[in-house]
Amino acid sequence: MPLNTFLVALDLIGTFVFALSGAAEAVKHRLDIFGVMVLSFAAATAGGILRDLLIGSVPPAAISDLRYIFVPVVAGLVVFLLPRVVDRLRFAVLIFDAAGLTLFVISGTYKALSFGLNPVAACLLGVLTGIGGGVVRDTLVREIPTVLHREIYAVAGLAGAVVVVLGQHWNLPPTVVAAVAALLCFGLRMISIRRHWQLPTAGPNNQTPA
Amino acid sequence: MPLNTFLVALDLIGTFVFALSGAAEAVKHRLDIFGVMVLSFAAATAGGILRDLLIGSVPPAAISDLRYIFVPVVAGLVVFLLPRVVDRLRFAVLIFDAAGLTLFVISGTYKALSFGLNPVAACLLGVLTGIGGGVVRDTLVREIPTVLHREIYAVAGLAGAVVVVLGQHWNLPPTVVAAVAALLCFGLRMISIRRHWQLPTAGPNNQTPA
Amino acid sequence: MPLNTFLVALDLIGTFVFALSGAAEAVKHRLDIFGVMVLSFAAATAGGILRDLLIGSVPPAAISDLRYIFVPVVAGLVVFLLPRVVDRLRFAVLIFDAAGLTLFVISGTYKALSFGLNPVAACLLGVLTGIGGGVVRDTLVREIPTVLHREIYAVAGLAGAVVVVLGQHWNLPPTVVAAVAALLCFGLRMISIRRHWQLPTAGPNNQTPA
């Protein structure tokens, strides 16, 4: 399987898993089947759509490429018809979600660099690609976005984005760079889930995990 | 009256009615007059603005065309000064709202097609044009968007959008296509209000209306 | 110091102070340090980013210009590490915030005019530049945006924007126009804080402050 096909496959898996997370959230809030579809689509594509709007790549791929429409629909149907299966696969969903984050951050960072953004902006947009879907998903059901207060998530994405930017800067081969970025992002995310790592919070009862 | 004038008139009525719904929501949440104006403007134009951003039509018509600014201001003033009238006209507002949805979906689908989007994306953007204003309106006052969990609304829009896309595909005359799409969308919406049709929801107490 | 340097300095002060307001809101809601950074960045730049998307100026300055990224990071760190200092400086923050509003409205209105928008749209976009960051900040932490229901805020911005548009229309010297607009906007905002001026609200217990 050539690298490009592999990347596309990963991208669609990422889309599918993020869509699952959106649909599951919708079921949790007892939305109807249309609400399930909207949250499925929003969670899977909002990050990429925001990135594409900000770099001026319109219409965004998530709208002009049919696969990004059909995959969330399928994910929405799966969750709507088989909510218990998704429940039982909760840990598997976490793993796929980490994979989706990893891939979206890496592809988002590369895309921003290819549109001529500076390295810092490219990192920001890479992270936005990875977390944007979750933020819109949570906002639509009136939750404070998970990524703003739970575990290591965006920071894992940021680590991956920085690797991509540095690799590009030093002209390293993209396949190696992407592999290292992916390992770092995915690894950080999985370890933080296992060990319940959290970022410190500020305020009156300031407590940093030991 | 030529067709074009008729469409523009319908579009402005749609804008006015959606603006009424935004202003009424603002009054319900006890916002000040500026908040009333913002929700009036957001409900009336957010759908079209999102569509225009996504297809790259900037600045959006809702900003460059003065009518889309003045109509929401008038609607906001009406609701602010005469909240009881709006209350008494609640059913009339539902009818106008269905008309607004119908028209926004049809014009949004046509605009997306004319910007070269594929048929599925054009349907999505048509529906987004029709429901986007309500989603932003509800999010600003911390409500879960009505369209995600109440009655047949977006599905009526989708039916209209599909008719438009098929009509275009088969080269049918636009006036006939628009009329059929409008009848279908408006009719579905009105019947679902009359009979309290709801889409099924998923989850532990999965109940589909008989 | 030439006028241009002065304006850039003011713009960065505005960015810094809006970022402080975002970070303080994040601490109040017990978000982690990443959440603090996101709200800091969102409050400081969302208004300008929305304006730039709407006029088609992509990528937005807030993303392509590194200063708009570093200033919110510094503000976020300050609030995260020294939350009590910010607490003690609450009134100073209100003053800086009024200055930030003033500057963002004026620069936003000028930018919209320079992209060829009509005067009414330029006023809207100027006000959006000034208030957009606060709206996104509040929405992310599930608050109804402050600007929709508290004191004179957007109206002060609107007054400044109108002065800019009229000044441009009458070909008055920009420095004079900007100075008058700034005095009016900043003055209105400060007086309304001092005297607890509020806009009237509608509804059953309609009460306008005496």
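This text goes with the structure placed above it.
Treat the numbers as computed from the prediction; the structure is a model and nothing was measured. (Residues numbered from 1 in each chain as written. Chains lettered and ligands numbered in written order. Predicted model: local features only at pLDDT ≥ 70, side-chain atom pairs only at ≥ 80, totals over all residues. Heavy atoms only, no water.)

Visitor: Mind showing me how you'd approach the overall build of chain A here?
Guide: From N to C terminus, chain A includes nine helices and zero strands. Counting only C-alpha atoms, chain A reaches 50 × 50 × 30 Å along its principal axes. Within chain A, the proportion of its 210 residues that are buried is 52%. Of all intrachain contacts in chain A linking residues separated by at least 6 positions in sequence, the fraction that spans at least 24 positions is 73%. Entry remark: accessible area of chain A is about 9400 Å², with carbon and sulfur atoms responsible for 68%. Averaged over its 14 positive side-chain charges, chain A has a centre that lies 6 Å from the centre of its 10 negative ones. (Helix = DSSP H or I, 4+ residues; strand = E, 2+ residues; numbered from the N terminus. Buried < 20%, exposed > 50% of the residue type's maximum accessible area, 1.4 Å probe, protein only. Contact = heavy atoms within 4.5 Å. Areas by Shrake-Rupley, 256 points an atom, 1.4 Å probe, with all protein chains shown as cover. Lys, Arg positive; Asp, Glu negative; His and termini not counted. Charge placed at Lys NZ, Arg CZ, Asp CG, Glu CD.)

Visitor: What is the right way to look at the state of the cysteines in this model?
Guide: As used in these notes, a disulfide is a covalent bond between sulfur atoms, one from each of two cysteines. For the coordinates displayed, the defined rule picks out zero disulfides over all chains. Unpaired in this structure, C:Cys123 has its nearest cysteine sulfur neighbour in C:Cys185, at a distance of 12 Å. (Disulfide = S-S within 2.5 Å.)

Visitor: Looking at this structure, I do not really get the relation of the copies chain B and chain A. What am I missing?
Guide: Applying a rotation about an axis and a shift along it to one chain copy brings it onto the other copy. Of the transformation superimposing chain B on chain A, the axial component is 0.0 Å and the angular component is 120 degrees, with the fit at an RMSD of 0.0 Å. Taken together, the rotation and translation describe the operation of a three-fold axis. Residues of chain B ranked by C-alpha distance from the rotation axis are headed by B:Arg142, positioned 3.8 Å from it. The overlap is low: 10% of the interface residues of chain B also sit at the interface in chain A, so different surfaces are used on the two sides. (Least-squares fit on C-alpha atoms with pLDDT ≥ 70 in both.)

Visitor: Just checking my understanding: could you explain empty space enclosed by the protein for this structure?
Guide: All chains considered together, the criterion is met by two cavities of 30 Å³ or more. Counted as a void, the largest cavity has a volume near 90 Å³. Forming the boundary of the largest cavity are A:Thr139, A:Arg142, A:Glu143, A:Pro145, B:Thr139, B:Arg142, B:Glu143, C:Thr139, C:Leu140, C:Arg142 and C:Glu143. A class-by-class count of the residues in the lining of the largest cavity yields two nonpolar, three polar and six charged. Space inside the second largest cavity adds up to approximately 40 Å³. Taken together, A:Phe18, A:Ala43, A:Ala44, A:Gly47, A:Gly48, A:Phe104, A:Thr129, A:Gly130, A:Gly133 and A:Gly134 make up the lining of the second largest cavity. When contributions to the lining of the second largest cavity are tallied by element, the ones reaching two or more residues are helix H2 (33–55) and helix H7 (119–140) of chain A. A breakdown of the residues in the lining of the second largest cavity according to their chemical character gives four nonpolar, six polar and no charged. (1 Å grid on protein atoms, 1.4 Å probe; cavity = no way out; pocket = protein on both sides within 12 Å on 5 of 7 lines; lining within 4 Å. Points joined across faces, edges and corners; volume = space filled by probe spheres on them. Nonpolar A, V, L, I, M, F, W, Y, C, P; charged D, E, K, R; others polar.)

Visitor: Explain the packing of aromatic side chains here, please?
Guide: The geometry of an aromatic ring pair is captured by the separation of the ring centres together with the interplanar angle, meaning the angle of the planes. Residue and element names in this part refer to chain C. Overall, the coordinates contain three aromatic pairs over all chains when judged by the stated rule. Seen from their ring centres, Phe 18 and Phe 104 are 5.2 Å apart, and the 45 degrees between their planes marks the pair as tilted. Taken together, the residues span a long stretch of sequence, with Phe 18 in helix H1 (residues 3–28) and Phe 104 in helix H6 (residues 90–114) at a distance of 86 residues. You'll find Phe 18 and Phe 104 in the same group, each marked buried. (Phe/Tyr/Trp six-rings, centres within 6.5 Å; stacked < 30°, edge-to-face > 60°.)

Visitor: Please explain the interface of chain B and chain C as it appears in this structure.
Guide: Put simply, an interface is often sized by how much accessible area is lost when its parts join up. If you look at the interface, chain B gives 27 residues, while chain C gives 29 residues. Buried area between chain B and chain C, summed over both chains or domains, comes out near 2300 Å², and the portion from carbon and sulfur atoms is 73%. Ranking the residues of chain B by area buried against chain C places B:Arg30, B:Asp32 and B:Phe34 at the top, with a combined share of 27%. Viewed at the interface, chain C and chain B are joined by zero salt bridges. (Buried area = accessible area lost by both parts, 1.4 Å probe. Salt bridge = Lys/Arg side-chain N within 4 Å of Asp/Glu carboxyl O.)

Visitor: Teacher, can you tell me more about the environment of C:Ile55 here?
Guide: Residue and element names in this part refer to chain C. Its location among the elements puts Ile 55 in helix H2 (residues 33–55). For Ile 55, a relative accessible area of 6% puts it in the buried group. Taking the C-alpha atoms as reference points, Ile 55 and Phe 34, separated by 21 residues in sequence, lie 30 Å from one another. Discounting residues that sit within four places of it in the chain, Ile 55 has contacts with Lys 111, Phe 115, Leu 117 and Leu 125.

Visitor: Mind showing me how you'd approach the interface of chain B and chain A here?
Guide: With 29 residues of chain B in contact, the opposing surface of chain A contributes 27 residues. Across the chain B to chain A interface the summed buried area is about 2300 Å²; carbon plus sulfur atoms make up 73%. Connecting chain B to chain A are zero salt bridges. Across the contact surface, chain B and chain A share three residue pairs in polar contact (both at pLDDT 80 or more). If you list the elements that add at least two residues to the side of chain B that touches chain A, you get helix H2 (33–55) and helix H7 (119–140) of chain B. (Polar contact = N/O pair within 3.5 Å; in protein donor to acceptor, adjacent residues only side chain to side chain.)

Visitor: Before we go on, may I ask you to explain the nonpolar core in this structure?
Guide: If you look at soluble globular proteins, the nonpolar side chains tend to sit buried side by side. If you look at the biggest cluster of nonpolar residues, it comprises 176 residues, and the most contacted ones within it are A:Ile131, A:Val147, B:Ile131, B:Val147, C:Ile131 and C:Val147. With near-sequence residues (within four places) excluded, B:Ile131 lies in contact with A:Phe34, B:Leu101, B:Val147, B:Tyr153 and B:Ala154. (Core = buried A, V, L, I, M, F, W, Y, C linked by side-chain atoms within 4.5 Å.)

Visitor: Just checking my understanding: could you explain the relation of the copies chain B and chain C for this structure?
Guide: Superposition of chain B onto chain C requires a rotation of 120 degrees combined with a translation of 0.0 Å along the rotation axis, giving an RMSD of 0.0 Å. Of the interface residues in chain B, just 11% have counterparts in chain C that sit at the interface too, so the contact is made through distinct surfaces.

Visitor: Help me understand the packing of helix H8 (residues 154–169) of chain B against helix H9 (residues 174–195) of chain B in this model?
Guide: To describe two helices that pack against each other, one gives the angle between their axes and the distance between the axes. Residues and elements named next belong to chain B. Between H8 and H9, whose axes approach to 8 Å, the crossing angle comes to 165 degrees. Between H8 and H9, the interaxial angle falls into the category roughly antiparallel. The way H8 lies across H9 gives a crossing that is right-handed. Here Ala 156, Gly 157, Ala 159, Gly 160, Val 163, Val 164 and Gly 167 of H8 come into contact with H9, specifically with Val 177, Val 180, Ala 181, Leu 184, Cys 185, Leu 188 and Arg 189. Its residues assigned to classes, the contact of H8 with H9 comprises ten nonpolar, three polar and one charged. (Axes fitted to C-alpha atoms, helices over the stretch in contact; angles between N-to-C directions. Parallel < 35°, antiparallel > 145°, perpendicular 65-115°, else oblique. Left-handed = near helix turned anticlockwise from the far one by under 90°.)

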